[in-house]
Every structure is written in structure tokens, then in C-alpha cells.
Amino acid sequence: MRRIYLDNAATTAVSPEVMEAMLPYFTGVYGNASSIHGYGREAKRAIETARRQVMKALNAAAPQEIYFTAGGTESDNWAIKGLALAKGSGHIITTVIEHHAVLHTCQWLEKQGFDVTYLPVDEYGRVTAAQVKKALREDTILVSVMAANNEVGTIQPIAEIGKICRERGVLLHTDAVQAVGAIPLDVQAMNIDLLSLSGHKLHGPKGAGALYVRKGVKIDTLLHGGAQERGFRAGTENVPAIVGLGKAVEIACQNLDENAARMVALRQRLIDGLMARVPGTRLNGHPAERLPGNANLSFDKVEGEALLLRLDLVGVAGSSGSACTSGTLDPSHVLLALGLTQAQANGALRLTIGTDTTEEEIDQVLDILPPIVEDLRRMVSR
Ligand SMILES: *Cc1c(COP(=O)(O)O)cnc(C)c1O
């Protein structure tokens, strides 16, 4: 059966170039990067190359500002808990539509005595710099706002938020897991102090991530042990994964404009096509300020889960929320925060395009999906 993968916000395929870059580090170059012999030095060199690739992609000032982690979740936990623990007490500002890696971390910090403000978003999922400014307090230690949302694709005004934070001397963390390689990011120009990214969302390996920490920003260590990552993140480095992450970030950022233009065209073809062919369809998220590959639509009188299952039967892979929450029938916290009713939220379908998605695949989905929605609606009204 032909299969069409439109769940690239959940994870992506490792690209052939990334795979090729990683392979030697499983077998030939397997040294421990902490060893002083040739095997170790080769592994160490590969890690430092990857560090420079990530540094360049983010326009960080120095390679020492990049730390490798086991993924976006660890980077988010480390940035927020690490900063909070270093400060000891204080107030954190975030938003209601963050990924659970940020939300649950903030909720845990509340239990440890920190104060957290969760900013609401507008109907498109946007927060404004003015909202952040208004929420700032004397004791605010951190603002954490995602660069782009994983469910509805909405892009936040990070540069404006960064400007306010810098003026007020408050640190800014951004979960840029969905944004790196998809939209332009520059930690210096945007006044970002901490930034999380993950390999598997941009055609790199799973279980590999990075945290950017601006020079001079003090965060506590979460993983204690050896002296890896200059003593800040213990544990023998996953060299192949780090090599793959570096390569994936480099490729994604080098081809960003070209990929984004292609993906925006495909996404718009998908959104416009579905809106035209299926009555009772609404677009979730911002019409323009959205990730190139994200289409999130609600179909009246249809359960997203039912739609997903029917699509899966004909080989089309999508998501009805974020992959972490499907399986439970709780409506997505993001869609509810945008003001959708429970029914609208339950009717949402997220289709996310990757750099390898073709126009033919989009056209096939435009043919396959409308009759399935019609069929599901007929079943409901019977
Ligand atoms: C996927 C994702 C994460 C978690 O990253 P992992 O590498 O899967 O741990 C965090 N934030 C956002 C916005 C994501 O999309």
C-alpha cells in the first residue's frame, strides 16, 4: 500500500546525508570522547564539529554556548529547572500553549515554591510582547515562550519579547524545537538567552538535542557525574547522535528559505483544497504567522481520532493533537486555549509537511480525505 507521512511535527525521517554522516561513529570511530588516545580524540573532534554547526545555525557567539542533551525535553527541563535552581526563588512567565516539557516543568517548580504566570493566547495562539511586559515583576527570573507551537504551528514574536526582556534584565528561554530549521532564528539579534532544540524534528536522530546558554548565564547542572560538556552535563556523549544532530541542523538551516517556500506552497495547497472541498472546516492557528509545514484543521461533526483511524487505514499518517497526548481523548490544551469548544478541539486534524513531501502526495490527500469526512458525518447523523 502507498503510504503518505504527514506527521512531521511528531517526528521526521533521518535524512540520507545525516545517516551517512553518523554511520562511521557506530563502528570505526567508537572511542570515548573523554579518552586521550587517538580513538577518543577523533570522537571529541566530531563532537566539536557538531557544536560549531549548531553555533553557526543559531548565530551563537561561541561554541561553548552550545551543550548537547538527550533531546528537546531534556533541554527544556534543564533550561528552566537549571535556571530556577541557580536563582533559588522567584517568578517565571510562560504561556498556556507550551509543550508539556515546559508546562509540566513549570508546574513542578510551582510545587518547589516558585511562582509561575501562564499567559493566555489570542484566538490564533499568539502572545504579545505587551502581555509579557505587563506580567513582569521585580522578582521575575525567567520568561519562557516557545518560538513556534507544535500543534497549531503559530509563530510567536520572539524578537519583540526578547527586546522587552533584555530592557528589563530578565532572561528569555525559547523552546525552538519546532522552529529551528523552519524559520530564521538568531539568538543574538533576538536577545534569546536560552534555546532548546531537538534532532528528530529536523531529519536528525531521536534522543539528541541541544541547549544554547548565552555566555554569562548561570544554570545549575541536572545530571551529575563525569566532566563531559565542561562539567555541566555528565554522561558519555552519544557521538553518532551528536554528529547527526549537527549535520541535520546545518542542512536544515542552509536550505531554510528554499524548503520553507516549497513547504508553504504545499501547506497552502492542502489547506485551501480542504477548505474548498469540505464544508464546515476551520483552520486552527494563525493564517500567516505559522510554521511552513503545519496545517491544523477542525471538521464540524467529526471526531479527529475517528478521522485519523480512517486515514491510517488508507495509508495516510496524521495526528489529532500532539503525539504525546493522542491515545487519551482529552482535547488538546492548545486548541482549548485558542478558544475552541471541546467538540471543535476533538474534531481537529494536524497534517504536517516535511522537506520530502511531494505535491502528488498532497493531491492524493485532497482526493482521499473529503469522502472520509462525508462518510463519518453520515454515520453521526444516522
Ligand atoms: C517534540 C517537542 C519537544 C520534545 O522534544 P523531544 O526531543 O521529543 O524530547 C519539546 N517541545 C516541542 C515544541 C516539541 O515539538
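What this report covers is the structure whose coordinates are included nearby. Along each chain, numbering runs from 1 in the same order as the chain's sequence is written. Where local features are concerned, this predicted model is filtered to residues with pLDDT of at least 70; where side-chain atom pairs are given and counted, the filter is 80 or more; whole-chain, interface and lining totals use all residues. Note that the side-chain values use all heavy atoms of the structure and ignore hydrogens as well as water.

**A short note on the nonpolar core**
Core analysis: the biggest nonpolar cluster contains 68 residues, and Val143 and Leu195 have the highest contact counts within it. Helix and strand definitions follow DSSP, with helices as H or I runs of at least four residues and strands as E runs of at least two, each counted in order from the N terminus. In terms of residue count, the dominant contributor to this core is helix α7 (residues 239-254) (nine residues). Here leucine 195 is in contact with Leu58, His173, Thr174, Ala176, Val180, Leu185, Val187, Ala210, Leu211 and Tyr212, once residues within four sequence places are set aside. Among buried residues, those of type Ala, Val, Leu, Ile, Met, Phe, Trp, Tyr and Cys that are joined through side-chain atoms within 4.5 Å constitute a nonpolar core. Categorising residues by exposure relies on relative accessible area from a 1.4 Å probe, with only protein chains included: less than 20% of the type maximum marks a residue as buried, more than 50% marks it as exposed, and the intermediate range marks it as partly exposed. Listed in part, the 28 residues of the second largest apolar core include Ile4, Leu6, Leu311 and Leu366. Between two residues, a contact is recorded if the distance between any of their heavy atoms is within 4.5 Å.

**Some details on the site of the ligand**
A cutoff of 4 Å decides nearness: a residue is near a molecule or strand if any of its heavy atoms lies inside that distance of it. Among the 13 residues in the neighbourhood of the ligand, the closest are listed as Thr73, Asp175, Gln178, Ser198 and Lys201. One nitrogen or oxygen atom from the main chain of glycine 72 is found 2.8 Å from an oxygen atom belonging to the ligand. By the criterion applied in these results, polar contacts are pairs of N or O atoms within 3.5 Å in which, for protein atoms, one can donate a hydrogen and the other can accept it, and in which residues neighboring in sequence qualify only through two side-chain atoms. Here threonine 73 contributes a side-chain N or O atom positioned 2.6 Å from an oxygen atom of the ligand. Notes on the ligand: free accessible area 380 Å², of which the protein chains cover 88%. It is helix α3 (residues 72-87) that provides the largest number of residues to the shell around the ligand, a total of three residues. Amino acids are sorted into nonpolar (Ala, Val, Leu, Ile, Met, Phe, Trp, Tyr, Cys and Pro), charged (Asp, Glu, Lys and Arg) and polar (every other residue, Gly among them). By residue class, the composition of the shell around the ligand is two nonpolar, eight polar and three charged. The Shrake-Rupley method, run with a 1.4 Å probe, gives the accessible areas here. Residue values count only the displayed protein chains as cover.

**Description of the sheet that holds strand β4 (residues 115-119)**
Judged by pairing direction, the sheet is mixed, and its seven strands sit side by side in the order β2-β8-β7-β6-β5-β3-β4 without closing on themselves. In this open sheet, the two edge strands, each paired with only one partner strand, are β2 (66-69) and β4. Looking at each pair of strands side by side, their axes are set apart by 20 degrees on average, direction ignored. In terms of strand pairing, strand β5 (residues 140-144) meets strand β6 (residues 171-175) through three bridges, oriented parallel. Across the sheet, residue leucine 142 finds its bridge partner in β6, namely leucine 171. Where helix α4 (residues 100-111) meets the sheet, it contacts β3 (91-95), β4, β5 and β6, and its direction lies at approximately 145 degrees from that of β4. On the sheet, helix α6 (residues 158-168) packs against β5 and β6 and is oriented at approximately 160 degrees with respect to β6. Think of it this way: DSSP has to see at least two bridges between two strands before they count as a pair. To get an axis, a line is fitted to the C-alpha atoms, and for a helix only the part in contact is used. The angle between two axes follows their N-to-C directions and goes from 0 to 180 degrees.

**Considerations on the environment of alanine 189**
Looking at the element boundaries, alanine 189 is found in the loop between β6 and β7 (194-198). Judged by relative accessible area, alanine 189 falls into the exposed class, the value being 56%. Separated by 176 residues in sequence, alanine 189 and alanine 13 place their C-alpha atoms 31 Å apart.

**A few points about helix α12 (residues 359-381)**
Think of an α-helix as 3.6 residues a turn; residues three or four steps apart then line up on the same face. Expected helix span is taken as 1.5 Å per residue step, with the number of steps being one fewer than the number of residues. Helix length check: α12 (23 residues) gives 34 Å between terminal C-alpha atoms against 33 Å at 1.5 Å per residue, within 8%. The complete set of buried residues in α12 reads Ile362, Val365, Leu366, Ile368, Leu369, Pro370, Ile372, Val373, Leu376 and Arg377. Buried residues belonging to α12 abut β1 (4-5), α8 (256-277), β10 (294-299), α9 (304-313), β11 (316-317) and β12 (348-352).

**Quick look at the packing of aromatic side chains**
Pairing of aromatic side chains here covers Phe, Tyr and the six-membered ring of Trp, requires ring centres within 6.5 Å, and sorts the geometry by plane angle: under 30 degrees stacked, over 60 edge-to-face, intermediate tilted. All told, the structure shown has three aromatic pairs when counted by the stated rule. Ring geometry for tyrosine 67 and tryptophan 78: centres 5.5 Å apart, planes at 75 degrees, overall edge-to-face. You can see tyrosine 67 sitting in strand β2 and its partner tryptophan 78 sitting in helix α3, a full 11 residues away along the chain. Residues tyrosine 67 and tryptophan 78 agree in their burial class; the two are buried. Grouping aromatic residues by their ring pairs yields a cluster made of Tyr67, Trp78 and Phe232. In this scheme, Lys NZ or Arg CZ marks a charge over a ring once it lies within 6 Å of the ring centre and within 35 degrees of the ring normal. Over the aromatic face of tryptophan 108 sits the side chain of lysine 81, whose NZ or CZ is 5.1 Å from the ring centroid.

**Structural notes on the side chain of arginine 51**
Within the secondary structure layout, arginine 51 lies in helix α2 (residues 38-58). Judged by relative accessible area, arginine 51 falls into the buried class, the value being 8%. Setting aside chain neighbours within four positions, we find arginine 51 in contact with Pro63, Ile66, Tyr67, Phe68 and Glu229.

**Here we look at unusual backbone geometry**
A positive phi angle is found at histidine 203, which is not glycine, with a value near 70 degrees. Relative to the helices and strands, histidine 203 resides in the loop between β7 and β8 (209-213). Despite not being glycine, arginine 230 shows a phi value in the positive range, around 55 degrees. For arginine 230, a relative accessible area of 49% puts it in the partly exposed group.

**Thoughts on the state of the cysteines**
The disulfide criterion is simple: two cysteine sulfur atoms within 2.5 Å. Applying the stated criterion across every chain, the model contains zero disulfides. The cysteine cysteine 106 is free of any disulfide, with cysteine 165 supplying the nearest cysteine sulfur at 14 Å. Taking the relative accessible area as the measure of exposure, cysteine 106 reaches 0% and is therefore buried.

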